[in-house]
4 protein chains.
Amino acid sequence: MSIAAVASPPRRSVRSHEAVLAAAADIAGRRGYGNTRIEDIAAQAGVGKQTIYRWWPNRAALLIEVYGRLVPPDVGAADTGSLAGDLESLLIRLSALYADTPAGNILFGLIAEAQADTELARQLRDTYVAPRRSIVRSILQRAADRGEIDPPDNTDFVSDLFSGAVWFQLLLGTRSLDREFRRRLVDAVLCTVRSACRVGQPPDRKKRT
Amino acid sequence: MSIAAVASPPRRSVRSHEAVLAAAADIAGRRGYGNTRIEDIAAQAGVGKQTIYRWWPNRAALLIEVYGRLVPPDVGAADTGSLAGDLESLLIRLSALYADTPAGNILFGLIAEAQADTELARQLRDTYVAPRRSIVRSILQRAADRGEIDPPDNTDFVSDLFSGAVWFQLLLGTRSLDREFRRRLVDAVLCTVRSACRVGQPPDRKKRT
Amino acid sequence: MSIAAVASPPRRSVRSHEAVLAAAADIAGRRGYGNTRIEDIAAQAGVGKQTIYRWWPNRAALLIEVYGRLVPPDVGAADTGSLAGDLESLLIRLSALYADTPAGNILFGLIAEAQADTELARQLRDTYVAPRRSIVRSILQRAADRGEIDPPDNTDFVSDLFSGAVWFQLLLGTRSLDREFRRRLVDAVLCTVRSACRVGQPPDRKKRT
Amino acid sequence: MSIAAVASPPRRSVRSHEAVLAAAADIAGRRGYGNTRIEDIAAQAGVGKQTIYRWWPNRAALLIEVYGRLVPPDVGAADTGSLAGDLESLLIRLSALYADTPAGNILFGLIAEAQADTELARQLRDTYVAPRRSIVRSILQRAADRGEIDPPDNTDFVSDLFSGAVWFQLLLGTRSLDREFRRRLVDAVLCTVRSACRVGQPPDRKKRT
DNA sequence: TGGTAATCGAGACGGTACGTCCCGTCTTAAG
DNA sequence: CTTAAGACGGGACGTACCGTCTCGATTACCA
């Protein structure tokens, strides 16, 4: 990347790197994360297995990189002028991402694997949850700036509520985020945000735990 | 030989059946779904591998049965007298289920596997989603009967919103459904239910799809 | 067998016994000794596996009985009037036995198994070697009685030489005892018998061991 | 990539190859052909099972190679100056081979297996029968060159007669080729060779088939 | 411009688990 | 009490991948 990086000794083959990522994305998309074999990726990429193990410590690391490449940097960038519009826009883009690319399959395989691998879980939080929360936070911030809502104090929860609903739909529902679903989810998020603003911390509940 | 020489039904060994389920639950709990080996289950249960394969076609089928046994039939039975109380009660019971038993690990491994196995996905919807929705539906029904809310038309969505949030928290959050989280989720569900009742189908949106 | 045996308590089912032997002979004939499975015999005989294990300790014991039934009691009975004729007649009958029945396959599987099972080896000597030697002995005795030869002192060796040659031909040769082979073997036996008679113990060899 | 990118030949590990053969010989010697398990060979050789299956299609192929290594190239090489001496020498060497090494056990297991496997039978003829016949042929040839006998026309039959007798003795006899047996077998071969020379094709027999 | 050291493809290696086959024993219901 | 049926615990099979390890051959920096 930087100027000095040109001289770096680990002279990684660009073509192999790209071929591995492409093969991994293709196979994970066609067969699912669980049926994605390093041997098959290597064969399809025309690459030695060692070349994969040299640059990625395991399947999860490789597929995290694949996942990262599949998510466009601007998933949540659209400013439609209203909170509902921004959320709808985000939903539509996510819908496309999960419907048209292996991103969904990969992400879910990774999450499953992370259940028995805390390091991977941490990486996933960094790679997936944090960016998603920051997207939602900035959407809510824009809405607050517009005066649509008061600045909420539970943006992370709202983001997770949103993400959880999307997952559930993709994993066990119809696998598409249809118009009906989007309307309902946007409504739920809106009223949750407003409710939090309106009531604040209810004075009659003791906050422990 | 004789007329009544009807094929006797397969006579399954109760002790083996139970031993396999117990061993599977234990191993899945300790090592996670992905590291649960049929061979280990058989060895720990003191059973031949064939005995497992005779009664369950694959690991997923076995673990679905294990999961079913772990979920108490009354997860959502409590009638606390208020909608918020019922939801809170359900959350606490789920929290215990996922914290104290392998149910969470197993469920999530199954979901991951279901991404590449549509038959398993169908089974999971029957085993998990449908019962959960029916619990939430009856909670909302009780609330409507009490006059707390109008009868909602989106109980399935509300159930999925609720379930999705719980998952997200368990899978990528702190792995516990703490008081703060529970309060926020109950609030979100409450306002979502009321919002649906209040606004109904917004007249300015065309309802297609 | 005897009259009193009718009342014996182990009421063995004649039909099962026969069916098992028939099925074993059939399967051993079609697939070879090594591919003869107890399970298949039981299934083909319409018999429970336990019924086989109740009456025969193992596959070898069962197939020894099968072998015994396949060998007609008169393989070597013919008296053609000459030593060469008797030997030729025996060869022709053996040829038929091994060509038309599974006897050869079974015998050879048994011998192979006997290499690691001394008890089976002993049984085989009783079942196979001893009868064969006695046949050859009586053929040679008849020849001596006729005055064709002097009474030989090496009938067992001659029998084994004869049997060994037949085996070798069947196992690794063309699997048929053709006219050419028969002529050569009869000649070899004749001259071996006469040579032993003629020279007796050669005076210039010390007989030790 | 380049023109000369010829497929590199499979690079077989010498140490694994040798270790497998050694382990197979040891186990077959101790337990017999029938009780020789691929898994045990692999374990004892410190080798993965796949490494065995990569280079040998089945147990028989592996043990044929083992057998080949056990037979010294000079079993029949000795020129003692007389036909009887050469045969005696061959018998003594064979006796040692079968008494001191697993060669006998292995050979016989292979022969048994070959009864239901024609390809293996063919291999065995190439590996065992043909070399043995050529040894006997050269012994007889030397005797003819010395003028001891006329050049025989039935060397293959003589070889098989000889081999068959040895087998029979080893398989169902006392398992040792003692002095008495050797004397008798050498006598039988001598008179068979001379008889063939002396009588030629007996004129009174029609030679068909 | 040629030397050389890391990377490359290929794939053999020691392993682990798979799902299947068959062993010999045990259990059940029918006769 | 025997039988047919077949489930049982067990052990070996031959296969699929794992992640590591050799091999030459290739490549791109540096002398």
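Refer to the structure presented above.
Residues numbered from 1 in each chain as written. Chains lettered and ligands numbered in written order. Predicted model: local features only at pLDDT ≥ 70, side-chain atom pairs only at ≥ 80, totals over all residues. Heavy atoms only, no water.

Some words on the overall build of chain A
Move 1: A count of helices and strands for chain A gives nine helices and zero strands.
Move 2: Moving toward the C terminus, one meets the helices and strands of chain A in the order α-α-α-α-α-α-α-α-α.
Move 3: Looking at the 209 residues of chain A, the share that counts as buried comes to 50%.
Move 4: Taking as baseline every contact in chain A between residues at least 6 positions apart, the subset at least 24 positions apart corresponds to 66%.
Move 5: Carbon and sulfur atoms make up 53% of the accessible area of chain A, which amounts to about 10,000 Å² in all. (Helix = DSSP H or I, 4+ residues; strand = E, 2+ residues; numbered from the N terminus. Buried < 20%, exposed > 50% of the residue type's maximum accessible area, 1.4 Å probe, protein only. Contact = heavy atoms within 4.5 Å. Areas by Shrake-Rupley, 256 points an atom, 1.4 Å probe, with all protein chains shown as cover.)

A few points about the nonpolar core
Move 1: By size, the foremost hydrophobic cluster in this structure holds 144 residues, and its most contacted members are Tyr98, Trp167 and Leu185 of chain C together with Tyr98, Trp167 and Leu185 of chain D.
Move 2: Leave out the neighbours within four places in its chain, and Tyr98 of chain C touches Tyr67, Ala103, Gly104, Leu107, Tyr128, Arg132, Val166 and Leu170 of chain C.
Move 3: Judged by nonpolar contacts, the second largest core, of 141 residues, contains Ala42 and Leu94 of chain A together with Ala28 and Leu63 of chain B. (Core = buried A, V, L, I, M, F, W, Y, C linked by side-chain atoms within 4.5 Å.)

Thoughts on the environment of Phe181 of chain C
Move 1: Relative to the helices and strands, Phe181 of chain C resides in helix α9 (residues 179-199).
Move 2: Classification of Phe181 of chain C by relative accessible area gives buried; the value is 7%.
Move 3: Separated by 137 residues in sequence, Phe181 of chain C and Gln44 of chain C place their C-alpha atoms 38 Å apart.
Move 4: Among all residues touching Phe181 of chain C, those that are not within four sequence positions of it are Leu91, Ala165, Val166 and Gln169 of chain C together with Phe157 of chain D.

Focus: the pattern of salt bridges
Move 1: Taken as a whole and assessed by the stated rule, the structure comprises 88 salt bridges over all chains.
Move 2: Glu18 of chain C is the partner of Arg69 of chain C in a salt bridge, and the nearest nitrogen-oxygen pair spans 3.2 Å. Of the two residues, Arg69 of chain C is situated in helix α4 (residues 59-70) and Glu18 of chain C in helix α1 (residues 14-31); the sequence distance between them amounts to 51 residues.
Move 3: Of the residues examined, Arg69 of chain C reaches a relative accessible area of 47% and is grouped as partly exposed.
Move 4: Because the salt bridges share partners, they merge into one network encompassing Asp79, Asp86, Arg142, Arg146 and Glu148 of chain A. (Salt bridge = Lys/Arg side-chain N within 4 Å of Asp/Glu carboxyl O.)

Looking at the protein's contact with DNA strand E
Move 1: Around DNA strand E lies a shell of 39 residues, among which Glu39 and Tyr53 of chain B, Gln50 and Tyr53 of chain C together with Trp55 of chain D are the nearest.
Move 2: Trp55 of chain A is positioned such that a nitrogen or oxygen atom in its side chain is 3.1 Å from a phosphate oxygen of DNA strand E.
Move 3: One of the side-chain N or O atoms of Thr51 of chain D is found 2.8 Å from a phosphate oxygen in DNA strand E.
Move 4: When contributions to the surface near DNA strand E are tallied by element, the ones reaching two or more residues are α1 (14-31) and α3 (49-55) of chain A, α2 (38-45) and α3 (49-55) of chain B, α2 (38-45) and α3 (49-55) of chain C together with α1 (14-31) and α3 (49-55) of chain D.
Move 5: Across the surface near DNA strand E, the residue classes break down as 10 nonpolar, 14 polar and 15 charged. (Near = heavy atom within 4 Å. Polar contact = N/O pair within 3.5 Å; in protein donor to acceptor, adjacent residues only side chain to side chain. Nonpolar A, V, L, I, M, F, W, Y, C, P; charged D, E, K, R; others polar.)

A closer look at the interface of chain B and chain A
Move 1: At the interface, 45 residues of chain B touch 46 residues of chain A.
Move 2: Approximately 4,200 Å² of surface area, both sides summed, lies buried where chain B meets chain A, with 64% of it carried by carbon and sulfur atoms.
Move 3: When the buried area of chain B at its contact with chain A is split by residue, Gln115, Phe168 and Leu172 of chain B rank highest and sum to 18% of it.
Move 4: Where Arg184 of chain A meets Asp153 of chain B, a salt bridge forms, and the shortest distance between an N and an O atom there is 3.6 Å.
Move 5: Viewed at the interface, chain A and chain B are joined by three residue pairs in polar contact (both at pLDDT 80 or more).
Move 6: Within the residue set of the side of chain B that touches chain A, elements represented by two or more residues are α6 (103-114), α7 (118-146), α8 (155-172) and α9 (179-199) of chain B. (Buried area = accessible area lost by both parts, 1.4 Å probe.)

Brief notes about the packing of helix α1 (residues 14-31) of chain B against helix α4 (residues 59-70) of chain B
Residues and elements named next belong to chain B.
Move 1: Put simply, α1 and α4 touch, their axes get as near as 10 Å, and they point 85° apart. Taken as axis vectors, α1 and α4 run roughly perpendicular relative to one another. Seen from α1, the contacting residues are His17, Glu18, Val20, Leu21, Ala24, Ala25 and Ala28; seen from α4, they are Leu62, Leu63, Glu65, Val66 and Arg69.
Move 2: Residue classes in the contact of α1 with α4 are distributed as eight nonpolar, one polar and three charged. (Axes fitted to C-alpha atoms, helices over the stretch in contact; angles between N-to-C directions. Parallel < 35°, antiparallel > 145°, perpendicular 65-115°, else oblique.)

Regarding the relation of the copies chain C and chain D
Move 1: Mapping chain C onto chain D calls for a screw motion: a turn of 180° about the axis and a shift of 0.0 Å along it, with 0.1 Å RMSD after fitting. What we have between these two chains is a two-fold relation. Closest approach to the rotation axis within chain C is made by the C-alpha atom of Gly164 of chain C, at a distance of 2.0 Å.
Move 2: Same-surface contact between copies: 98% of interface residues of chain C are shared with the interface of chain D. (Least-squares fit on C-alpha atoms with pLDDT ≥ 70 in both.)

Brief notes about helix α6 (residues 103-114) of chain A
Residues and elements named next belong to chain A.
Move 1: Between its terminal C-alpha atoms α6 stretches 16 Å, which fits the 16 Å expected from 12 residues at 1.5 Å a residue.
Move 2: Judged by how many residues are buried, α6 sits mostly within the fold: 11 of 12 residues are covered.
Move 3: Among the residues making up α6, those that are buried are Ala103, Gly104, Asn105, Ile106, Leu107, Phe108, Gly109, Leu110, Ile111, Ala112 and Ala114. (Expected span 1.5 Å × (residues − 1).)

Here we look at helix α5 (residues 83-100) of chain A
Move 1: Compared with an ideal rise of 1.5 Å per residue, which puts 18 residues at 26 Å, α5 of chain A spans 26 Å between its outermost C-alpha atoms and is within 8% of the ideal.
Move 2: Three or more residues of α5 of chain A are buried, namely Leu83, Gly85, Asp86, Leu87, Ser89, Leu90, Leu91, Leu94, Ser95, Leu97 and Tyr98 of chain A.

Let's talk about the relation of the copies chain B and chain A
Move 1: Taken as rigid bodies, chain B and chain A are interconverted by a rotation of 179° and an axial shift of 0.0 Å, the fit giving an RMSD of 0.2 Å.
Move 2: When the interface residues of chain B are mapped onto chain A, 98% of them again fall at the interface, so both copies present the same face.

Describing the packing of aromatic side chains
Move 1: With the rule as written, the count across this model stands at 26 aromatic pairs over all chains.
Move 2: Geometrically, the ring pair formed by Trp167 of chain A and Phe168 of chain B is tilted, given 4.9 Å between the ring centres and 40° between the ring planes. Taken as a pair, Trp167 of chain A in helix α8 (residues 155-172) and Phe168 of chain B in helix α8 lie in two separate chains rather than in one.
Move 3: For Trp167 of chain A, a relative accessible area of 3% corresponds to the buried category.
Move 4: Plain terms: the ring middles of Phe108 of chain C and Trp167 of chain C are 5.8 Å apart, the flat faces sit at 85° to each other, and that makes the pair edge-to-face. Of the two residues, Phe108 of chain C sits in helix α6 (residues 103-114) while Trp167 of chain C sits in helix α8 (residues 155-172), which places them 59 residues apart along the sequence. Exposure class is identical for Phe108 of chain C and Trp167 of chain C. Each is buried.
Move 5: Counting every residue linked through ring pairs, the aromatic cluster contains Tyr67, Phe108, Tyr128, Trp167 and Phe168 of chain A together with Tyr67, Phe108, Tyr128, Trp167 and Phe168 of chain B.
Move 6: Across from the ring centre of Trp56 of chain B, 4.7 Å away, lies the NZ or CZ of Arg12 of chain B, which sits over that ring. (Phe/Tyr/Trp six-rings, centres within 6.5 Å; stacked < 30°, edge-to-face > 60°. Lys NZ or Arg CZ within 6 Å of the ring centre and 35° of its normal.)

Brief notes about the environment of Asn105 of chain C
Move 1: Inspection of the secondary structure assignment puts Asn105 of chain C in helix α6.
Move 2: With a relative accessible area of 17%, Asn105 of chain C lands in the buried category.
Move 3: Between the C-alpha atoms of Asn105 of chain C and Ala22 of chain C, which are 83 residues apart in sequence, the distance is 15 Å.
Move 4: Apart from residues no more than four positions distant in its own chain, Asn105 of chain C is found in contact with Ala28, Gly29, Gly32, Tyr33 and Arg175 of chain C together with Gln115 of chain D.

What to know about the interface of chain C and chain D
Move 1: Across the contact, 46 residues belong to chain C and 46 residues belong to chain D.
Move 2: Summed over both sides, the interface between chain C and chain D buries roughly 4,300 Å², with carbon and sulfur atoms accounting for 64% of that surface.
Move 3: Broken down residue by residue, the surface that chain C buries against chain D is led by Gln115, Phe168 and Leu172 of chain C, which jointly contribute 18%.
Move 4: Seen at the junction of chain C and chain D, the total is two salt bridges.
Move 5: Applying the counting rule to chain C against chain D returns three residue pairs in polar contact (both at pLDDT 80 or more).

What to know about the side chain of Arg182 of chain B
Residues and elements named next belong to chain B.
Move 1: Relative to the elements of secondary structure, Arg182 occurs in helix α9.
Move 2: Judged by its relative accessible area of 11%, Arg182 falls in the buried class.
Move 3: Within the structure, the side chain of Arg182 is placed 3.0 Å from the side chain of Glu88, a separation counted as a polar contact.

Details of the side chain of Gln169 of chain C
All names here are of chain C.
Move 1: Inspection of the secondary structure assignment puts Gln169 in helix α8.
Move 2: Only 3.3 Å separates the side chain of Gln169 from the backbone oxygen of Ser176, close enough to count as a polar contact.
Move 3: If we ignore the near neighbours within four places in the chain, the residues touching Gln169 are Thr174, Arg175, Ser176, Leu177 and Phe181.

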